[in-house]
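Geometric and topological summary
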Amino acid sequence: MTALARPANGRMIGGVCAALARRFGTSATTMRVIFVLSCLLPGPQFLLYIALWILLPSEEKARTAW
């Protein structure tokens, strides 16, 4: 498993789904479909996405922090 950071390329909106896909070893498209399907269920999925967008560091920042 890799570190959880939003990638510099291959992201659509915020890179959250791409970061989660890289972390769990699946494709970004699969993670995006899972997210869209989960939005059909009641719950705070969209708010969680925004929170992860804010809290997850960008790949460039994560690389320079170490």
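Refer to the structure printed above.
The text that follows walks through the structure, step by step, so that each part is easy to find. (Residues numbered from 1 in each chain as written. Predicted model: local features only at pLDDT ≥ 70, side-chain atom pairs only at ≥ 80, totals over all residues. Heavy atoms only, no water.)

Thoughts on a nonpolar patch on the surface
Side chains of Met12, Ile13, Phe46, Ile50, Trp53, Ile54 and Leu55 sit close together on the surface and give an oily, nonpolar patch of about 810 Å² of accessible area. With respect to the helices and strands, the residue Met12 is situated in the segment before α1 (16-24). (Patch = residues over 30% accessible without salt bridge, like charges linked within 9 Å, V, L, I, M, F, W, Y side chains within 5 Å. Areas by Shrake-Rupley, 256 points an atom, 1.4 Å probe, with all protein chains shown as cover. Salt bridge = Lys/Arg side-chain N within 4 Å of Asp/Glu carboxyl O. Helix = DSSP H or I, 4+ residues; strand = E, 2+ residues; numbered from the N terminus.)

Describing the packing of α1 against helix α2 (residues 28-38)
Each pair of packed helices can be described by the angle between their axes along with the distance between the axes. Axis separation between α1 and α2 bottoms out at 8 Å; the angle between their running directions is 120°. Between α1 and α2, the angle is such that the two are oblique. Between α1 and α2 the crossing geometry is right-handed. Residue-level inspection shows Cys17, Ala18, Leu20, Ala21 and Phe24 of α1 in contact with α2, the latter providing Ala28, Met31, Arg32 and Phe35. Its residues assigned to classes, the contact of α1 with α2 comprises 8 nonpolar, no polar and 1 charged. (Axes fitted to C-alpha atoms, helices over the stretch in contact; angles between N-to-C directions. Parallel < 35°, antiparallel > 145°, perpendicular 65-115°, else oblique. Left-handed = near helix turned anticlockwise from the far one by under 90°. Contact = heavy atoms within 4.5 Å. Nonpolar A, V, L, I, M, F, W, Y, C, P; charged D, E, K, R; others polar.)

Some details on the nonpolar core
Core analysis: the largest hydrophobic core is formed by 6 residues, namely Val16, Cys17, Leu20, Ala21, Met31 and Tyr49. The leading source of residues in this core is α1, at 4 residues. Here Val16 is in contact with Arg6, Tyr49, Leu52 and Trp53, once residues within four sequence places are set aside. (Core = buried A, V, L, I, M, F, W, Y, C linked by side-chain atoms within 4.5 Å. Buried < 20%, exposed > 50% of the residue type's maximum accessible area, 1.4 Å probe, protein only.)

As for the pattern of salt bridges
Across all of its chains, the model carries 1 salt bridge by this definition. Between Glu59 and Arg22 there is a salt bridge; the shortest N-O distance is 2.5 Å. Taken together, the positions of Glu59 in helix α4 (residues 59-65) and Arg22 in helix α1 put the pair 37 residues apart, joining distant regions of the chain.

Notes on α1
Along α1, the positions that sit buried rather than exposed are Val16, Cys17, Ala18, Ala19, Leu20 and Ala21. Those residues of α1 that are buried are in contact with α2 and α3 (45-55). At the exit of α1 stands Gly25, carrying a positive phi of roughly 75°.

Brief notes about the packing of aromatic side chains
Counted under the stated rule, the structure contains 2 aromatic pairs. When the ring of Phe35 is compared with that of Tyr49, the centres are 5.1 Å apart and the planes differ by 35°; the resulting orientation is tilted. Placement of the pair is Phe35 in helix α2 and Tyr49 in helix α3, with a sequence separation of 14 residues. Between Tyr49 and Trp53 the ring centres are 6.3 Å apart and the planes differ by 70°, which places this aromatic pair in the edge-to-face class. Taken as a pair, Tyr49 and Trp53 lie in helix α3 at a separation of 4 residues, close to a single helical turn. (Phe/Tyr/Trp six-rings, centres within 6.5 Å; stacked < 30°, edge-to-face > 60°.)

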